[in-house]
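Descriptive structure summary
So the chains spell out like this:
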Amino acid sequence: MSVKHVAGKKSEKSVLLYALTTCPWCRKTKSLLTDLGIAYDYLDVDLLAGEEQDKAVSEVEAVNPQGGFPTLVINKTEVIVGYKPEEITAALA
């Protein structure tokens, strides 16, 4: 899968964002992470095809059974679904 990396000043935690290019809340989440200076990886699930997309959707559903976007996974243990700036900021502080 083509996970993209965004460099940031803060990289103490692993941050993976599952997003859709058509989702305004996903774009807001990316902007928030960038504004906070967080280094993060992201995957635009809708740009994947075939088995890659199936695998990404399975990964999302494993941590977020409703399969909604954006799905933010922090340190492979904490999951935040949707655009929740206060919750995201607190989790990455």
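In short, a report on the structure. From a predicted model like this one, the values you see are computed outputs, not experimental measurements.

All right, on to the environment of tyrosine 83 then. Residue position: tyrosine 83 is located in the loop between strand 5 (78–81) and helix 3 (85–91). With 55 residues separating them along the chain, tyrosine 83 and lysine 28 place their C-alpha atoms 7.2 Å apart. Beyond its immediate sequence surroundings of up to four residues, tyrosine 83 is in contact with Trp25, Lys28, Thr29, Leu32 and Pro70.

With that settled, consider the sheet that holds strand 5. Taken together, 5 strands build an open sheet; the order of strands is 1-3-2-4-5 and the sheet is mixed. Every interior strand has two partners, whereas the edge strands, strand 1 (4–6) and strand 5, have only one. On average, adjacent strands in this sheet sit at an angle of 20° to one another, irrespective of strand direction. Docked against the sheet, helix 1 (residues 24–35) engages strand 1, strand 2 (15–19), strand 3 (40–44) and strand 4 (71–74), running at close to 160° with respect to strand 2.

Counting 17 residues, the largest nonpolar core has Val15, Leu33, Leu72, Ile88 and Leu92 as the members making the most contacts within it. Of all elements in the fold, only strand 2, helix 1, strand 3, strand 4 and helix 3 reach the threshold of two or more residues within this core. In this structure, isoleucine 88 is in contact with Thr29, Leu32, Leu33, Leu72, Ile80 and Gly82, ignoring residues within four places of it in sequence. One finds Leu43, Val45, Leu48 and Ala56 within the second-largest nonpolar core, a separate group that totals 7 residues.

Turning our attention to unusual backbone geometry. The omega torsion of the bond from phenylalanine 69 to proline 70 falls at -5°, within 30 degrees of zero and hence cis. Note on placement: proline 70 falls in the loop between helix 2 (50–63) and strand 4. Even without being glycine, asparagine 75 reaches a positive phi, approximately 55°. Asparagine 75 gets classed as partly exposed once you look at its relative accessible area, which sits at 36%. Unusually for a residue other than glycine, lysine 76 sits at a positive phi of about 60°. Using a relative accessible area of 74% as the deciding quantity, one classes lysine 76 as exposed.

Here is what the cut-offs are and how they apply
- Residues numbered from 1 in each chain as written.
- Predicted model: local features only at pLDDT ≥ 70, side-chain atom pairs only at ≥ 80, totals over all residues.
- Heavy atoms only, no water.
- Helix = DSSP H or I, 4+ residues; strand = E, 2+ residues; numbered from the N terminus.
- Contact = heavy atoms within 4.5 Å.
- Pairing = 2+ DSSP bridges.
- Axes fitted to C-alpha atoms, helices over the stretch in contact; angles between N-to-C directions.
- Core = buried A, V, L, I, M, F, W, Y, C linked by side-chain atoms within 4.5 Å.
- Buried < 20%, exposed > 50% of the residue type's maximum accessible area, 1.4 Å probe, protein only.

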